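Single-letter residue listing:
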Amino acid sequence: DAGVIQSPRHEVTEMGQEVTLRCKPISGHDYLFWYRQTMMRGLELLIYFNNNVPIDDSGMPEDRFSAKMPNASFSTLKIQPSEPRDSAVYFCASSPTGGVNQPQHFGDGTRLSIL
Amino acid sequence: AQSVTQPDIHITVSEGASLELRCNYSYGATPYLFWYVQSPGQGLQLLLKYFSGDTLVQGIKGFEAEFKRSQSSFNLRKPSVHWSDAAEYFCAVGSGAARQLTFGSGTQLTVLP
């Protein structure tokens, strides 16, 4: 079975550029999560969706960050304009319905470096 | 608010030795508890979970964890560590109402030959 697929795996770009991270959740999963992992702050939940609708975006750091889920099989996390402090590994995860005891399945992440 | 503490940032054990990784949580109701493992360059993989029933749960790769409500702990154990177990381990707590997981800061495991 295909897991959560994220692209690109690595992204290096200059400060001020727009960055778009992509995620394809596991088919049939109706929850999708975006996380950011840094040495200083660990793993932080940015936003999550249920049935393509954003449920909680309180973890999104600022207006430069936006996330969309136009359909059940695709989501994007966009940073515009990007800043060096956005450098991190960004993970997407998905889980099926049924309560929080349903485990989240993680993609391999996108390592983002903003120069 | 829920929180998770993993007091050990880094643990080193010899191959074949036993392992215990500590996790303490703070949560007002019955917690949903998880252990994940992250290998370099990869995402997190679920090792095991607890949400009710038997307080000793078995997971993949020979891991187990014990939920102790009186100590607010959910420690991960393995009787004999293999070199391939070297990775970072994360404990997480989830609430029943929300879908959010709160992760600990992780414990990096090094396995000596």
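Residues numbered from 1 in each chain as written. Chains lettered and ligands numbered in written order. Predicted model: local features only at pLDDT ≥ 70, side-chain atom pairs only at ≥ 80, totals over all residues. Heavy atoms only, no water.

Draft legend 1. Broad picture of the interface of chain B and chain A. The partner chain A presents 23 residues to the 20 residues of chain B that form the contact. Linking chain B to chain A there are 4 residue pairs in polar contact (both at pLDDT 80 or more). When contributions to the side of chain B that touches chain A are tallied by element, the ones reaching two or more residues are strand E5 (32-38), strand E6 (44-50), strand E10 (87-94) and strand E11 (101-103) of chain B. (Contact = heavy atoms within 4.5 Å. Polar contact = N/O pair within 3.5 Å; in protein donor to acceptor, adjacent residues only side chain to side chain. Helix = DSSP H or I, 4+ residues; strand = E, 2+ residues; numbered from the N terminus.)

Draft legend 2. Examining the nonpolar core more closely. The biggest cluster of nonpolar side chains holds 26 residues, and the ones touching the most others in it are B:Leu19, B:Trp35, B:Leu47, B:Leu48, B:Phe74, B:Leu76 and B:Tyr89. When residues of this core are traced back to their parent elements, those giving at least two are strand E2 (10-14), strand E3 (19-21), E5, E6, strand E8 (64-68), strand E9 (73-78), E10 and strand E12 (107-112) of chain B. With 4 residues, the single largest contributor to this core is E10(B). Setting aside residues no more than four positions away along its own chain, B:Phe74 makes contact with B:Cys23, B:Leu33, B:Phe34, B:Trp35, B:Leu48, B:Tyr50, B:Val57, B:Ala65, B:Glu66, B:Phe67 and B:Cys91. The next biggest cluster of nonpolar side chains, apart from the first, holds 21 residues, and it includes A:Leu21, A:Ile26, A:Ala88 and A:Cys92. (Core = buried A, V, L, I, M, F, W, Y, C linked by side-chain atoms within 4.5 Å. Buried < 20%, exposed > 50% of the residue type's maximum accessible area, 1.4 Å probe, protein only.)

Draft legend 3. Region of the structure containing the sheet that holds strand E3 (residues 19-24) of chain A. All names here are of chain A. The strand order E1-E3-E8-E7 describes an open sheet built from 4 strands, whose pairing is antiparallel. The open sheet has two edge strands with one neighbour each: strand E1 (5-7) and strand E7 (65-71). Adjacent strand axes in the sheet meet at a mean angle of 15 degrees when their direction is disregarded. In terms of strand pairing, E7 meets strand E8 (residues 74-79) through 5 bridges, oriented antiparallel. Bridge pairing in E8 places Asn71 opposite Phe74. (Pairing = 2+ DSSP bridges. Axes fitted to C-alpha atoms, helices over the stretch in contact; angles between N-to-C directions.)

Draft legend 4. Molecular detail of the pairing of E5(B). Residues and elements named next belong to chain B. Burial analysis of E5 places 6 of its 7 residues in the buried class, which makes it a mostly covered element. Of the pairings in the sheet, the one linking E5 to E10 comprises 7 bridges and is antiparallel in character. Pairing of Leu33 across the sheet is with Val93, part of E10. Count of turn residues in the E5/E6 antiparallel hairpin: 5 residues, of which Gly41 carries a positive phi of about 75 degrees.

Draft legend 5. Here's a closer look at the state of the cysteines. Per the counting criterion, the structure on display carries 2 disulfides over all chains. The disulfide bridge from A:Cys23 ends at A:Cys92, spanning 1.9 Å between sulfur atoms. The chirality of the disulfide connecting A:Cys23 with A:Cys92 is left-handed, given an S-S dihedral of about -65 degrees. Of the two residues, A:Cys23 is situated in strand E3 and A:Cys92 in strand E9 (residues 88-95); the sequence distance between them amounts to 69 residues. Both residues of the pair, A:Cys23 and A:Cys92, count as buried. Across the disulfide, B:Cys23 is cross-linked to B:Cys91 (sulfur-sulfur distance 2.0 Å). Across the S-S bond linking B:Cys23 and B:Cys91, the dihedral sits near -65 degrees, which makes this disulfide left-handed. Highlighted residues: B:Cys23 in the loop between E3 and strand E4 (24-26) and B:Cys91 in strand E10, separated in sequence by 68 residues. Residue B:Cys23 is classed as buried on the basis of its relative accessible area, which comes to 0%. (Disulfide = S-S within 2.5 Å.)

Draft legend 6. Representation of the environment of A:Ile114. Residues and elements named next belong to chain A. By the element assignment, Ile114 lies in strand E11 (residues 110-114). With 95 residues separating them along the chain, Ile114 and Val19 place their C-alpha atoms 9.4 Å apart. Contact partners of Ile114, with chain neighbours within four places excluded, come to Thr13, Glu14, Met15, Val19, Ser82, Glu83, Pro84, Asp86 and Ser87.

Draft legend 7. Expanded view of the layout of surface pockets. Within this model, the largest pocket holds a volume of roughly 690 Å³. Taken together, 32 residues form the lining of the largest pocket, with A:Gln37, A:Met39, B:Gln38, B:Glu88 and B:Phe90 sitting closest to its centre. Every element with two or more residues in the lining of the largest pocket is listed here: strand E4 (31-38), strand E5 (42-50), E9 and E11 of chain A together with E10 of chain B. The element best represented in the lining of the largest pocket is E11(A), accounting for 4 residues. Taken together, the residues of the lining of the largest pocket sort by class into 12 nonpolar, 15 polar and 5 charged. Quantified by volume, the second largest pocket comes out at close to 160 Å³. Taken together, 13 residues form the lining of the second largest pocket, with A:Gly3, A:Ile26, A:His105, A:Phe106 and B:Leu44 sitting closest to its centre. Counting residues per element, the ones that place at least two in the lining of the second largest pocket are strand E10 (105-106) of chain A together with E6 of chain B. Top element by residues in the lining of the second largest pocket is E6(B). It accounts for 3 residues. Of the residues in the lining of the second largest pocket, the class split is 7 nonpolar, 5 polar and 1 charged. (1 Å grid on protein atoms, 1.4 Å probe; cavity = no way out; pocket = protein on both sides within 12 Å on 5 of 7 lines; lining within 4 Å. Points joined across faces, edges and corners; volume = space filled by probe spheres on them. Nonpolar A, V, L, I, M, F, W, Y, C, P; charged D, E, K, R; others polar.)

The quantities given are spatial measurements derived from coordinates; they are silent on function.
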